[in-house]
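Listed here are the chains, written in short residue letters.
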Amino acid sequence: KAGVTQTPRYLIKTRGQQVTLSCSPISGHRSVSWYQQTPGQGLQFLFEYFSETQRNKGNFPGRFSGRQFSNSRSEMNVSTLELGDSALYLCASSLGDRGLYEQYFGPGTRLTVT
Amino acid sequence: GDSVTQMEGPVTLSEEACLTINCTYTATGYPSLFWYVQYPGEGLQLLLKATKADDKGSNKGFEATYRKETTSFHLEKGSVQVSDSAVYFCALSGSGGYQKVTFGTGTKLQVIP
């Protein structure tokens with residue numbers, strides 16, 4: 001079974017631009033979660049989508065948004081990029097049913113904002 | 001809210017030494033507990049899990065026991081190898097509904113030959 005895939009793997013953007021990251025979950029997984037990982041803040045939860053609905057949300061500004069499609073693929077968007085948005089963005093998928101939260105992570109997208 | 005506390009790193013050990021990485025948690029109800037490992041340049045991989053009290057998760061020589069009385073889930077390995085060098089994350093998923101996964105800050109392990 002194919003794992004979680006994320007595209008692109010690396011991205012360089014300029015401050016003020018916007019960016020869209022993509023995540024394809026493991027086949028059959030309906031939950032997709034997004035995390036931001038930085039050396040200073042560690043792993044921080046952004047949001048989780050389940051069956052096209054945002055089910056949980058972390059403490060990030062509204063510049064960070066996401067969506068999930070009917071095939072469970074997910075995108076996250078960051079508008080008006082700031083230097084502090086430079087990070088590794090990780091996507092994780094899971095079955096998402098009650099009690100089944102074993103998450104499978106993709107390799108991440110490394111975003112650099114200059 | 002839920003929280004996970006794990007020991008600060010980095011932890012440096014010689015090959016074949018014993019490893020313990022401490023993890024304690026705060027959660028209501030009966031969470032599931034996990035250890036994830038992140039190798040350089042990669043995403044996180046599930047290492048082991050335990051879903052109820054006194055369960056022992058094990059994988060690749062690593063073990064952790066779900067201790068509800070001490071709210072702990074310490075990661076142990078009897079003999080580490082250089083290939084175990086990575087960052088280890090303790091995590092929990094809350095019970096009682098659709099809960100997000102809460103991660104600890106990670107502990108970097110470096111094993112030297």
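Heads up: the structure comes first, above all this text.
Below: a short report on this structure. As the structure is a computational prediction, the values presented were derived from the model and not from experiment.

With respect to the nonpolar core
Within the largest apolar cluster, 26 residues are counted, with the highest numbers of intra-cluster contacts made by Trp-35, Leu-47, Leu-48, Phe-73, Leu-75 and Tyr-88 of chain B. For this core, the leading source of residues is strand 10 (residues 86–93) of chain B, giving 4 residues. Listed in part, the 21 residues of the second largest apolar core include Leu-21, Met-76, Ala-87 and Val-113 of chain A.

As for the pattern of salt bridges
All names here are of chain A. Scanning the model with the defined rule gives 8 salt bridges over all chains in all. Put simply, Glu-75 and Arg-73 hold a salt bridge, and the shortest N to O gap is 3.3 Å. For Glu-75, a relative accessible area of 16% translates into the label buried. Looking at Arg-73, the relative accessible area reads 24%, which means it is partly exposed.

Some remarks on the state of the cysteines
All names here are of chain B. Applying the stated criterion across every chain, the model contains 2 disulfides over all chains. The disulfide bridge from Cys-23 ends at Cys-90, spanning 1.9 Å between sulfur atoms. What sets the handedness of the Cys-23 and Cys-90 disulfide is the S-S torsion sign, and at about -70° it is left-handed. Remark: Cys-90 occurs in strand 10 and Cys-23 occurs in strand 4 (residues 23–26); sequence separation between them is 67 residues. Grouping residues by exposure puts Cys-23 and Cys-90 together as buried. Free cysteine: Cys-18, not disulfide-bonded; nearest cysteine sulfur from Cys-23 at 20 Å. The exposed category is assigned to Cys-18, whose relative accessible area is 60%.

Quick word on the side chain of Ser-31 of chain A
Along the chain, Ser-31 of chain A falls in strand 4 (residues 31–38). Residues within four places of Ser-31 of chain A in sequence aside, it is in contact with Glu-48, Tyr-49, Phe-50, Arg-55, Ala-92, Ser-93, Ser-94, Leu-95 and Gly-96 of chain A.

Considerations on the interface of chain A and chain B
With 18 residues of chain A at the interface, the matching set in chain B holds 19 residues. When the two sides are added together, the surface that chain A and chain B hide from each other amounts to roughly 1,600 Å², 56% of it contributed by carbon and sulfur. Inspection of the region where chain A meets chain B yields 0 salt bridges. Put simply, chain A and chain B have 2 residue pairs in polar contact (both at pLDDT 80 or more) between them. Secondary-structure elements contributing two or more residues to the side of chain A that touches chain B are strand 4, strand 5 (42–50), strand 6 (53–57) and strand 9 (87–94) of chain A.

Cut-offs applied
- Residues numbered from 1 in each chain as written.
- Chains lettered and ligands numbered in written order.
- Predicted model: local features only at pLDDT ≥ 70, side-chain atom pairs only at ≥ 80, totals over all residues.
- Heavy atoms only, no water.
- Core = buried A, V, L, I, M, F, W, Y, C linked by side-chain atoms within 4.5 Å.
- Buried < 20%, exposed > 50% of the residue type's maximum accessible area, 1.4 Å probe, protein only.
- Helix = DSSP H or I, 4+ residues; strand = E, 2+ residues; numbered from the N terminus.
- Salt bridge = Lys/Arg side-chain N within 4 Å of Asp/Glu carboxyl O.
- Disulfide = S-S within 2.5 Å.
- Contact = heavy atoms within 4.5 Å.
- Buried area = accessible area lost by both parts, 1.4 Å probe.
- Polar contact = N/O pair within 3.5 Å; in protein donor to acceptor, adjacent residues only side chain to side chain.

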